[in-house]
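Listed below, chain by chain, are the residues.
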Amino acid sequence: MLTTIQIAGLQTYGYHGLFAEERSLGQKFVFDIEAELQPVETHRDDRLDSSVRYDAVADTVVQLAGAAQYQTLEALAEAVALALLGQFAAIDTVSVAVSKFSPPVAHTLSKAGIAMRLTRAELTMRALADQHVEENPCHVQDR
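For clarity, every value in this text was computed on a predicted model and none was experimentally measured. (Residues numbered from 1 in each chain as written. Predicted model: local features only at pLDDT ≥ 70, side-chain atom pairs only at ≥ 80, totals over all residues. Heavy atoms only, no water.)

*Asks:* How do you make sense of the overall build of the protein chain when you look at a structure like this?
*Replies:* Helix and strand counts for the protein chain stand at four helices and four strands. The linear arrangement of helices and strands in the protein chain, starting from the amino end, is β-α-β-α-α-β-β-α. Counting the 143 residues in the protein chain, one finds 34% classified as buried. The contacts in the protein chain between residues at least 6 apart in sequence include a share of 64% that link residues at least 24 apart. Looking at the protein chain as shown, the accessible area adds up to about 9,300 Å², and 53% of this sits on carbon and sulfur atoms. (Helix = DSSP H or I, 4+ residues; strand = E, 2+ residues; numbered from the N terminus. Buried < 20%, exposed > 50% of the residue type's maximum accessible area, 1.4 Å probe, protein only. Contact = heavy atoms within 4.5 Å. Areas by Shrake-Rupley, 256 points an atom, 1.4 Å probe, with all protein chains shown as cover.)

*Asks:* Explain the packing of aromatic side chains here, please?
*Replies:* What describes a pair of aromatic rings is the distance from one ring centre to the other and the angle between the planes of the rings. Using the criterion set out here, one finds one aromatic pair in the structure. Ring geometry for tyrosine 13 against tyrosine 15: centres 5.6 Å apart, planes inclined by 75°, an arrangement best described as edge-to-face. Taking the relative accessible area as the measure of exposure, tyrosine 13 reaches 44% and is therefore partly exposed. In this structure, lysine 28 packs its charged tip against the face of phenylalanine 101, placed 5.0 Å from the ring centre. (Phe/Tyr/Trp six-rings, centres within 6.5 Å; stacked < 30°, edge-to-face > 60°. Lys NZ or Arg CZ within 6 Å of the ring centre and 35° of its normal.)

*Asks:* Explain the nonpolar core here, please?
*Replies:* One recurring pattern in soluble globular proteins is that nonpolar side chains are buried together. The biggest cluster of nonpolar side chains holds 31 residues, and the ones touching the most others in it are Phe31, Ile33, Leu76, Val80, Leu84, Ile91 and Val94. Sorting the residues of this core by element identifies β1 (4–14), β2 (27–37), α2 (54–67), α3 (73–87), β3 (91–100) and β4 (112–119) as the ones contributing at least two each. The leading source of residues in this core is α3, at eight residues. Beyond its immediate sequence surroundings of up to four residues, phenylalanine 31 is in contact with Ile7, Ala8, Gly9, Leu10, Thr12, Val61, Ala65, Leu76, Val80, Val96, Ala97 and Val98. (Core = buried A, V, L, I, M, F, W, Y, C linked by side-chain atoms within 4.5 Å.)

*Asks:* I would appreciate a short explanation of the sheet that holds β2 in the present structure.
*Replies:* Working definition: the strands of a sheet are paired by backbone hydrogen bonds and lie parallel or antiparallel to each other. Pairing in this open sheet of four strands is antiparallel, and the strands run β1-β2-β3-β4 from one edge to the other. Either end of the sheet is taken by a strand with one partner, and the two such strands are β1 and β4. Strand-to-strand twist in this sheet, taken as the mean axis angle between neighbours without regard to direction, amounts to 15°. In this sheet, β2 lies alongside β1 in antiparallel orientation, the contact comprising nine bridges. Bridged to glycine 14 within β2 is glutamine 27. Sheet contacts for α2: β1 and β2; angle to β1, the most-contacted strand, approximately 30°. (Pairing = 2+ DSSP bridges. Axes fitted to C-alpha atoms, helices over the stretch in contact; angles between N-to-C directions.)

*Asks:* I tried to follow the packing of α2 against α3 on my own but got confused; where do I start?
*Replies:* Two numbers describe a pair of packed helices, the interaxial angle and the distance between the axes. Packing of α2 against α3 brings their axes to within 10 Å, and their N-to-C directions diverge by 140°. Regarding the angle of α2 to α3, the classification is oblique. Every pair of crossing elements has a handedness; the one defined by α2 and α3 is right-handed. Here Val57, Thr60, Val61, Leu64 and Ala65 of α2 lie close against α3, whose contacting residues are Leu76, Ala79, Val80, Ala83, Leu84 and Gln87. Its residues assigned to classes, the contact of α2 with α3 comprises nine nonpolar, two polar and no charged. (Parallel < 35°, antiparallel > 145°, perpendicular 65-115°, else oblique. Left-handed = near helix turned anticlockwise from the far one by under 90°. Nonpolar A, V, L, I, M, F, W, Y, C, P; charged D, E, K, R; others polar.)

*Asks:* Can you walk me through the environment of phenylalanine 101 in this structure?
*Replies:* Mapped onto the fold, phenylalanine 101 is located in the loop between β3 and β4. Remark: the alpha-carbon pair of phenylalanine 101 and glycine 113, spanning twelve residues in sequence, is separated by 8.7 Å. With near-sequence residues (within four places) excluded, phenylalanine 101 lies in contact with Lys28, Val30, Ser110 and Lys111.

Note that every value here comes from positions in space, so none of it alone points to a role or purpose.
Here it is, written out as structure tokens:
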């Protein structure tokens with residue numbers, strides 16, 4: 001059985017953006033999180049160890065969004081995805097959408113945002129690739 005935890009409309013304040021004003025004044029960000037859990041046979045046993053606490057996921061997102069500054073929403077979303085996969089072993093795949101409501105553009109729009117998806121398998125492949133590079137560094141010689 002596949003289960004997806006959904007958190008929609010999680011609002012937090014952060015200091016992210018390309019422009020210095022965005023990073024100094026800050027603005028409201030809204031996150032939508034979908035976390036696909038590791039497959040389980042059933043949830044009838046009503047045990048939390050095959051799921052994750054919504055409040056803990058929300059706390060992780062809010063804490064991370066307030067702890068650092070990012071120029072791009074893509075980097076912010078990836079940091080959130082990595083943190084959620086790192087903190088919650090039950091999560092197999094995480095989708096993170098993040099929007100801001102006051103983007104500095106000369107057009108009228110209700111919000112601007114991005115969405116990205118990261119799987120635990122991709123995280124493992126990335127770690128193996130990084131390990132391979134560390135164990136087998138390539139040296140480029142000047143010609």
